[in-house]
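# What the coordinates show
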Amino acid sequence: MNATATQPTDRYPSRVGESGGMRERTDPVLWGRGNSPAVGPLSGQQLARYDADGFLVMDGLIDADTVDACLDDISAKEAGEPPSPDLAITEPDGGLLRSLFAVHKGASALGALVHDERLAGVARQLLGGPVYVHQSRINLKRGMGGKQFPWHSVFETWHVEDGMPAMRVVSASVALTENRAWNGPLLLIAGSHRWFLSSPGRTPADNRLTSLKRQTYGVPGADDLTWLTDRGRLDVFEGGPGSVVFFDGNVMHASPGSSIRVPISMAPVAPMGWPRAMAPPLTLTLAGSAPVSRKNRSTTE
């Protein structure tokens, strides 16, 4: 008699054709052993801040020489052969480069930054073990033309579309230029990592062809944002070149468009800890090519 395979229970269902809503997080934020956080470069006070807010800003973590080398690398990539359209995303209403993915591949300053111990060491401590790079990208927001990145949780996207099983993921966004309140920086809702927002509707199979230019699925409504900010607070990542914000994958975050002639360049990296195995998506089967993140993994141990 053949055993019947059972579908695993999805603790964080989203985009399953229902109305959506808030669910309390069931995963830890600090992935240590038992009640003891993993050993690493962060102090107890820094760990407590990350646990409470869902993010931690470290000013000047990356030195100026590394930042300059990364900016030179970006200029060389823009001046060289056009990258694959799967990896190069342009602005929704023009041909300007918006994001470039898989920058950790190959020998380059950006590739070295993604695997830099100053980032990887923090990620290992927060996630309680070895990590790999789930996704790396450059975000370029042009002065007077860079468009917004809407509110979203990267975990919701990767859980639904990639099959990421748990909230064992941290993003590290490195400022390569000045990031200030007046030129479209990263916004975060402190405390929002404690709640999972299940999105309504279902995602079209070809969603990734347009979502990286203008995301419309997995985006919270105004009432959801009010609910989260009422229980937390709205904050902004400000810092000079080399500053880094580490944020939990379930933190609700966004970036407004640029309305002045001061561009922003950032290098977001998303390492993930154990377990490395990605389950098939519980709520969605995507047609066509795999998401960018699934095709471009790299170990950082």
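Here the structure is a predicted model, which is why all the values come from computation and not from measurement. (Residues numbered from 1 in each chain as written. Predicted model: local features only at pLDDT ≥ 70, side-chain atom pairs only at ≥ 80, totals over all residues. Heavy atoms only, no water.)

Moving on, we come to the overall build of the chain. The secondary structure content of the chain amounts to 8 helices and 14 strands. Scored against the burial criterion, the 301 residues of the chain give a buried share of 50%. The long-range share in the chain, meaning contacts at least 24 apart out of those at least 6 apart in sequence, stands at 86%. Counting every atom, the chain has about 13500 Å² of accessible surface; 53% of that belongs to carbon and sulfur. (Helix = DSSP H or I, 4+ residues; strand = E, 2+ residues; numbered from the N terminus. Buried < 20%, exposed > 50% of the residue type's maximum accessible area, 1.4 Å probe, protein only. Contact = heavy atoms within 4.5 Å. Areas by Shrake-Rupley, 256 points an atom, 1.4 Å probe, with all protein chains shown as cover.)

Counted by the stated rule, this structure contains 13 salt bridges. When the shortest N-O distance is used, the salt bridge between arginine 15 and glutamate 156 registers 2.7 Å. Of this pair, arginine 15 sits in the segment before β1 (21-24) while glutamate 156 is found in helix α5 (residues 154-162), placing the two residues 141 residues apart along the sequence. A relative accessible area of 2% places glutamate 156 in the buried class. Here arginine 194 and aspartate 51 are joined by a salt bridge, their closest N and O atoms 3.0 Å apart. Of this pair, arginine 194 sits in the loop between β8 (187-190) and β9 (195-198) while aspartate 51 sits in helix α1 (residues 44-53), and the two are 143 residues apart along the sequence. Looking at arginine 194, the relative accessible area reads 33%, which means it is partly exposed. (Salt bridge = Lys/Arg side-chain N within 4 Å of Asp/Glu carboxyl O.)

Attention shifts here to the nonpolar core. Core analysis: the biggest nonpolar cluster contains 34 residues, and Leu119, Leu126 and Phe246 have the highest contact counts within it. Residue contributions to this core peak at 5 residues, all from helix α4 (residues 117-127). In contact with leucine 119, other than residues within four places in its own chain, are Leu61, Ile62, Leu113, Val114, Ala172, Val174, Val244 and Phe246. By size, the runner-up hydrophobic cluster in this structure holds 9 residues, among which are Phe55, Ala175, Leu188 and Ala190. (Core = buried A, V, L, I, M, F, W, Y, C linked by side-chain atoms within 4.5 Å.)

This paragraph deals with the environment of isoleucine 189. Assignment of secondary structure puts isoleucine 189 in strand β8. Exposure remark for isoleucine 189: the relative accessible area of 1% places this residue in the buried category. Separated by 43 residues in the primary sequence, isoleucine 189 and glycine 232 have C-alpha atoms spaced 6.5 Å apart. Filtering out sequence-adjacent residues up to four positions away, isoleucine 189 remains in contact with Asp53, Trp151, Leu225, Leu228, Thr229, Arg233, Leu234, Val251 and Met252.

With that out of the way, let us pick up unusual backbone geometry. In this structure, arginine 15 takes a positive phi of about 55° despite not being glycine. On the basis of relative accessibility, which here comes to 2%, the residue arginine 15 falls in the buried class.

It is worth spelling out α4 at this point. Among the 11 residues of α4, 8 are classified as buried, and the element is accordingly described as predominantly covered. Taken residue by residue, α4 has Leu119, Ala120, Gly121, Val122, Ala123, Gln125, Leu126 and Leu127 as its buried positions. The residue sitting at the N-terminus of α4 and contributing the capping side-chain oxygen is aspartate 116; that oxygen lies 2.8 Å from the backbone nitrogen of arginine 118. Phi turns positive one or two residues past the end of α4, at glycine 128, with a value near 75°. (Polar contact = N/O pair within 3.5 Å; in protein donor to acceptor, adjacent residues only side chain to side chain.)

Quick look at the sheet that holds β8 now. Read across the open sheet, the 4 strands follow the order β6-β12-β8-β10; overall the sheet is antiparallel. Every interior strand has two partners, whereas the edge strands, β6 (149-152) and β10 (233-236), have only one. Neighbour-to-neighbour, the strand axes of the sheet open up by a mean angle of 20°, direction not taken into account. Pairing of β6 with strand β12 (residues 253-255) involves 2 bridges; the strand directions are antiparallel. Bridging across to β12, phenylalanine 149 finds its partner in serine 255. (Pairing = 2+ DSSP bridges. Axes fitted to C-alpha atoms, helices over the stretch in contact; angles between N-to-C directions.)

This brings us to the side chain of aspartate 248. Examined against the element boundaries, aspartate 248 turns out to sit in strand β11 (residues 244-248). Not counting residues within four places of it along the chain, the set of residues in contact with aspartate 248 comprises Arg25, Val29, Tyr50, Gly54, Met167, Val169 and His193.

Looking now at the packing of aromatic side chains. In this structure the tally under the stated criterion is 4 aromatic pairs. Measuring from centroid to centroid gives 5.5 Å for tyrosine 12 and phenylalanine 155, while their planes differ by 85°, and the two rings are edge-to-face. Linking tyrosine 12 in the segment before β1 with phenylalanine 155 in helix α5, this pair joins segments that are 143 residues apart in sequence. For the pair shown, tyrosine 12 and phenylalanine 155 are each scored as buried. Centroid distance tryptophan 195 to tryptophan 227: 4.9 Å. Interplanar angle 90°. Geometry classified as edge-to-face. On the criterion of sequence distance, the pair formed by tryptophan 195 in strand β9 and tryptophan 227 in helix α7 (residues 222-231) is long-range, its members being 32 residues apart. Using a relative accessible area of 25% as the deciding quantity, one classes tryptophan 227 as partly exposed. A connected cluster of aromatic rings, assembled from ring pairs, spans Tyr12, Phe155 and Phe196. Arginine 231 extends its terminal NZ or CZ atom over the ring of tryptophan 227, reaching a point 3.7 Å from the ring centre. (Phe/Tyr/Trp six-rings, centres within 6.5 Å; stacked < 30°, edge-to-face > 60°. Lys NZ or Arg CZ within 6 Å of the ring centre and 35° of its normal.)

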